[in-house]
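# Report on the structure
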Amino acid sequence: MRRILLLATGGTIASKESGQGLSPAITSEEILSYVPAVGELCRMEAVQLMNLDSTNVGPSHWLKIAAAIREHYEDYDGFVITHGTDTMAYTAAALSYLIQDSPKPIVITGSQKSICLDDTDARRNLFQSVLYAADRQSHDVSLVFDGRVILGTRARKERSKSFNAFSSVDYPEIAVIRDRKLIRYLAPRAYSYGAEPVFYDSLEDKVLLLTLIPGMGAEALGLLKDSYQAVILQSFGVGGLPGGGSGPLAQAMSEWLEAGKTIVMMTQVPYEGSDMSVYQVGQQVKEKFPLIEAYNMTLEAAAAKLMWVLGQTREPEQVRELFYRPVQCDLIR
Ligand code: ASP
């Protein structure tokens, strides 16, 4: 029988009423006890890595999760991480960069309601995650939620209350699970016997996101330069900068770049990504500045990838080269 390790990190799935709102309190062993049917799929053990609302989960926790998987990698056939839904897509993306080319599946899941409630989605999500993790053809990092299997670099939380909270953005779901049946839409990646994953253990967390609104000006971008190593600028449509290559925003950008910082441009439109070559307000900027364009990456993947890239190097050419190198179908140009 396959051996799967549950790594519990908190989230609604593990929450109870604290008197001041929901807060994670249920342990990894208790979580498992709510879904005895996983015993038919695999031999399962559990560890409690942390017990946090995922609002409080960030880069240091991503490194901790990756380190725990590395420590136990040889002892198990797959891993299931229970996690809060609010930042789950960021953690899924970060793990996709921290653990690359993994022949063993690393599945992240959670729920919109606590596992101790009668009308919860937690038991089904956990069962389906284990079903996917125990399948011999499953690999790499993915998110399983409400019957969907989504690549770790392509997930986004799109609904704050409904059970179908997560979508796969600009990329197909790789599989669905109907009752106990796994239906693969995309052929799984082929790994040769004995293939080993590549683990990374550093991230740069000084990454700023600035979403533009009309009329916002360039003051904030100018002021924040010294506090961050990189900025993601979320602009409009297929991509452009108010004022084009010669306005105040362009001036602030050139100051960031002169200081050796990284600028990633992306769109705030949820689907289909950017192409800054289309309009003059974009093309001018791209020709003038050595910035990076995120094209159709999700914000979650772009942020996590930037942190991973800058954890490896700050040399501008290497940053560009690493950022543009696709990982798990994160970037399709
Ligand atoms: N606030 C919770 C969390 O992200 C929400 C959830 O898990 O659904 O930890």
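Up top you'll find the structure we're talking about.
As the structure is a prediction and not an experimental result, all values here were calculated from the model.

### A look at the sheet that holds strand S17 (residues 262–267)
- Taken in spatial order, the four strands of this open sheet run S15-S16-S17-S18, and their pairing is parallel. Edge positions in the sheet fall to strand S15 (207–211) and strand S18 (292–293), since each has one partner strand and no second.
- Here strand S16 (residues 230–235) runs beside S17; their pairing, made up of six bridges, is parallel. Each residue of the ladder has a partner; that of serine 235, found in S17, is threonine 267.
- Where helix H6 (residues 248–258) meets the sheet, its contacts fall on S15, S16 and S17, and the angle it forms with S17 comes to roughly 140 degrees.

### Details of helix H9 (residues 316–324)
- Every buried residue belonging to H9 is among Val319, Leu322, Phe323 and Tyr324, and all of these are buried.
- Where H9 is buried, its residues contact S17, helix H7 (280–288), S18 and helix H8 (299–312).

### A word on the nonpolar core
- Core analysis: the biggest nonpolar cluster contains 59 residues, and Ile69, Leu143 and Phe323 have the highest contact counts within it.
- Among the elements that make up this core, the one with the highest residue count is H8 (ten residues).
- Among all residues touching phenylalanine 323, those that are not within four sequence positions of it are Val264, Ile292, Glu293, Ala294, Met297, Ala302, Lys305, Leu306, Val309 and Leu331.
- Ranked by size, the runner-up nonpolar core spans 30 residues in total, among them Val80, Ala133, Val144 and Val149.

### Examining a negative patch on the surface
- Residues Glu71, Glu74, Asp75 and Glu196 make up a contiguous surface patch of negative charge.
- Structurally, glutamate 71 can be placed in helix H2 (residues 59–72).

### Brief notes about the pattern of salt bridges
- Applying the stated criterion to the full structure yields 19 salt bridges.
- For arginine 180, the salt bridge identified is with glutamate 40, shortest N-O distance 2.8 Å. Of this pair, arginine 180 sits in the loop between strand S12 (175–178) and strand S13 (181–184) while glutamate 40 is found in the loop between helix H1 (28–33) and strand S4 (43–52), placing the two residues 140 residues apart along the sequence.
- Of the residues examined, arginine 180 reaches a relative accessible area of 48% and is grouped as partly exposed.
- By relative accessible area, which is 54% here, glutamate 40 ends up exposed.
- Ionic contacts of the salt-bridge type, sharing partners, join the residues Arg124, Asp146, Arg148 and Glu173 into one network.

### Section: the site of the ligand
- All residues adjacent to the ligand are Gly11, Thr12, Asp53, Ser54, Gly84, Thr85, Asp86, Ser111 and Gln112.
- In this structure, an oxygen atom belonging to the ligand sits 2.5 Å away from a side-chain N or O atom of serine 54.
- With respect to the ligand, the side chain of threonine 85 contributes an N or O atom lying 2.5 Å from an oxygen atom.
- Protein contact buries 89% of the 270 Å² of open area that the ligand shows by itself.
- Grouping the amino acids of the shell around the ligand by side-chain chemistry returns no nonpolar, seven polar and two charged.

### Some words on the side chain of threonine 87
- As for its position among the elements, threonine 87 is in the loop between strand S5 (78–82) and helix H3 (88–98).
- Each residue touching threonine 87, except ones within four places of it in the same chain, is listed here: Ser54, Thr55 and Val57.

### Focus: the packing of aromatic side chains
- In the structure shown here, the tally under the stated rule is eight aromatic pairs.
- Residues tyrosine 73 and phenylalanine 79 carry aromatic rings whose centres are separated by 5.9 Å and whose planes lie at 20 degrees to one another, so their mutual orientation is stacked.
- Exposure remark for tyrosine 73: the relative accessible area of 3% places this residue in the buried category.
- Taking the centre distance of 6.3 Å and the plane angle of 80 degrees together, the rings of phenylalanine 323 and tyrosine 324 count as edge-to-face. Note on accessibility: phenylalanine 323 and tyrosine 324 belong to one class, buried.

Definitions and cut-offs
- Residues numbered from 1 in each chain as written.
- Predicted model: local features only at pLDDT ≥ 70, side-chain atom pairs only at ≥ 80, totals over all residues.
- Heavy atoms only, no water.
- Pairing = 2+ DSSP bridges.
- Helix = DSSP H or I, 4+ residues; strand = E, 2+ residues; numbered from the N terminus.
- Contact = heavy atoms within 4.5 Å.
- Axes fitted to C-alpha atoms, helices over the stretch in contact; angles between N-to-C directions.
- Buried < 20%, exposed > 50% of the residue type's maximum accessible area, 1.4 Å probe, protein only.
- Core = buried A, V, L, I, M, F, W, Y, C linked by side-chain atoms within 4.5 Å.
- Patch = residues over 30% accessible without salt bridge, like charges linked within 9 Å, V, L, I, M, F, W, Y side chains within 5 Å.
- Areas by Shrake-Rupley, 256 points an atom, 1.4 Å probe, with all protein chains shown as cover.
- Salt bridge = Lys/Arg side-chain N within 4 Å of Asp/Glu carboxyl O.
- Lys, Arg positive; Asp, Glu negative; His and termini not counted.
- Charge placed at Lys NZ, Arg CZ, Asp CG, Glu CD.
- Near = heavy atom within 4 Å.
- Polar contact = N/O pair within 3.5 Å; in protein donor to acceptor, adjacent residues only side chain to side chain.
- Nonpolar A, V, L, I, M, F, W, Y, C, P; charged D, E, K, R; others polar.
- Phe/Tyr/Trp six-rings, centres within 6.5 Å; stacked < 30°, edge-to-face > 60°.

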